[in-house]
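Read off the chains here:
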Amino acid sequence: MGRLRHLIIITILLVLSTVGLRFLFEYIFALPAAASAEAGPIDILFNGHYWMIAFLFSLIMVLMLYSAFVFRREDGDDSDGPHVHGNTKLEIGWTIVPLFVVLGFGFWGAVTLNEITSPKSGEMTVNVVGKQWIWSFSYPEQDDIGSGELVLPVNRTTVLKMNAEDVIHSFWVPEFRVKQDLVPGRETTLRITPTEVGSYRLRCAEICGLNHTQMEADVRVLSAEEFQAWVEEKSAAPAFAEMTPEERGAYWASAEGFGCVACHSVDGSPGVGPSWQGLFMREEQMTDGSTIVADEAYLTSSIYDPNAHIVAGFNPNIMPQNYLEQFTARQQEIQSTEAIDIDIAADIIAYIKTLQ
Ligand code: CUA
């Protein structure tokens, strides 16, 4: 067989293998439906990489397998193979070509990153706080309303200003394609322009401790009108003065409050901390063997000084130890806006009492 014929066969095999692999990737690495404007350029970039990976893998495999089969030793041929000492043109070629391919992909990636992170007109800001192991959101341009789910208007760019309270977390909604770490002590931003009304799930994409896998939150994308209605409904929430201590306690425990429920279930299911169901006046076995009745005094001291007594089967240093400061700051804030004295710890204990 002449050289040209080998070349033609190899080229055909290479094309078939590249195209075949590219479409196989469609199944192996299937991405979820794209639901943001940022997903467009990212998916095009993904597509370019898939073609390049399929081509490079085929180039190596087709040449190797073709050579192994077509140029294999014939029966009775015991002679040495020809001694090859390299090919300067080929070596220069396989250095220069990949160099430009890598630079090209790098440039393409930089252009895409710039496109999806640069400010857009009509942006809305949402503040995001990630802490072990709960997400909370607040809307500074909408009366500072707080939420345990992320609600976004469709077709409008939202800038997420993200802060972590303890360790690194990562904001990731696969349908939006973009992902960004939350770093303690440094505000990070992420831009999302949802294009599809629907429900999604936010998950933490950075291992952040015991309950990392459960650090999730609902994400809802609404039409502009529905979003406005949601904002109004949220803003109309009763003032703290109009709520019962039990209602306030449930609020403090939620993601909008202090996120206690991330670790303490209210239905008896196991968690990182003891469940609150049936907790009030329960006799708790401590790690040192003693028992304590969970009365008001014990619950108060457990909130403010969680390491003082650790219930058997649980670990110290998991619960934040600064709730006294956090509660005091919030209480002063409410005092200045609503002119009422609230005891957040007492509210939470009132709520715990309802969980019998
Ligand atoms: Cu937060 Cu993983």
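Our subject in this report is the structure included herewith. (Residues numbered from 1 in each chain as written. Predicted model: local features only at pLDDT ≥ 70, side-chain atom pairs only at ≥ 80, totals over all residues. Heavy atoms only, no water.)

What about the side chain of Ser-275?
Right, on to step 1. Mapped onto the elements, Ser-275 comes out in the loop between α5 (245-253) and β11 (283-285).
Right, on to step 2. Under the relative-accessibility criterion, Ser-275 is labelled buried at 11%.
Right, on to step 3. Only 3.1 Å separates the side chain of Ser-275 from the backbone nitrogen of Gly-268, close enough to count as a polar contact.
Right, on to step 4. Side-chain polar atoms of Ser-275 contact the backbone nitrogen of Gln-277, separated by 3.2 Å. (Helix = DSSP H or I, 4+ residues; strand = E, 2+ residues; numbered from the N terminus. Buried < 20%, exposed > 50% of the residue type's maximum accessible area, 1.4 Å probe, protein only. Polar contact = N/O pair within 3.5 Å; in protein donor to acceptor, adjacent residues only side chain to side chain.)

Notes on the sheet that holds strand β8 (residues 188-192)
Right, on to step 1. Across the sheet, which stays open at both edges, the five strands sit in the order β3-β2-β1-β5-β8 with mixed pairing between neighbours. Lying at the two open borders of the sheet, with one neighbouring strand each, are β3 (145-147) and β8. Strand-to-strand twist in this sheet, taken as the mean axis angle between neighbours without regard to direction, amounts to 25 degrees.
Right, on to step 2. Of the strand pairs in this sheet, strand β1 (residues 124-131) and strand β5 (residues 158-164) are connected by seven bridges, and their pairing is parallel. Bridge pairing in β5 links Asn-127 to Lys-161. (Pairing = 2+ DSSP bridges. Axes fitted to C-alpha atoms, helices over the stretch in contact; angles between N-to-C directions.)

A short note on a nonpolar patch on the surface
Right, on to step 1. A cluster of nonpolar residues, Leu-4, Leu-7, Ile-8, Ile-12 and Leu-16, forms a patch on the protein surface that exposes about 530 Å² of accessible area.
Right, on to step 2. Secondary-structure assignment places Ile-12 in helix α1 (residues 3-28).
Right, on to step 3. Its relative accessible area of 49% is what places Ile-12 among the partly exposed residues. (Patch = residues over 30% accessible without salt bridge, like charges linked within 9 Å, V, L, I, M, F, W, Y side chains within 5 Å. Areas by Shrake-Rupley, 256 points an atom, 1.4 Å probe, with all protein chains shown as cover. Salt bridge = Lys/Arg side-chain N within 4 Å of Asp/Glu carboxyl O.)

What to know about the packing of helix α2 (residues 39-70) against helix α3 (residues 88-117)
Right, on to step 1. In contact at an axis separation of 10 Å, α2 and α3 are set at 165 degrees when each is read in the N-to-C sense. When the interaxial angle is binned, α2 and α3 end up roughly antiparallel. For the element pair α2 and α3, the recorded crossing hand is left-handed. Counting all contacts with α2, which are made through Pro-41, Ile-42, Ile-44, Leu-45, Gly-48, His-49 and Met-52, the residues of α3 involved are Val-101, Phe-105, Trp-108, Gly-109, Thr-112, Glu-115 and Ile-116. (Parallel < 35°, antiparallel > 145°, perpendicular 65-115°, else oblique. Left-handed = near helix turned anticlockwise from the far one by under 90°. Contact = heavy atoms within 4.5 Å.)

Things to note about the nonpolar core
Right, on to step 1. Counting 42 residues, the largest nonpolar core has Trp-135, Phe-137, Tyr-139, Leu-150, Leu-160, Phe-171 and Phe-176 as its most contacted members.
Right, on to step 2. Going through the elements one at a time, β1, β2 (134-139), β4 (150-153), β5, β8, β9 (198-204), β10 (216-222) and α4 (224-235) are the ones with two or more residues in this core.
Right, on to step 3. Ranked by size, the runner-up nonpolar core spans 27 residues in total, among them Phe-240, Trp-252, Ala-253 and Ile-349. (Core = buried A, V, L, I, M, F, W, Y, C linked by side-chain atoms within 4.5 Å.)

Observations regarding the environment of Leu-99
Right, on to step 1. Take Leu-99: it is sitting in helix α3.
Right, on to step 2. Since its relative accessible area comes to 45%, Leu-99 is described here as partly exposed.
Right, on to step 3. Between the C-alpha atom of Leu-99 and that of Gly-76, which follows or precedes it by 23 residues, the distance is 44 Å.

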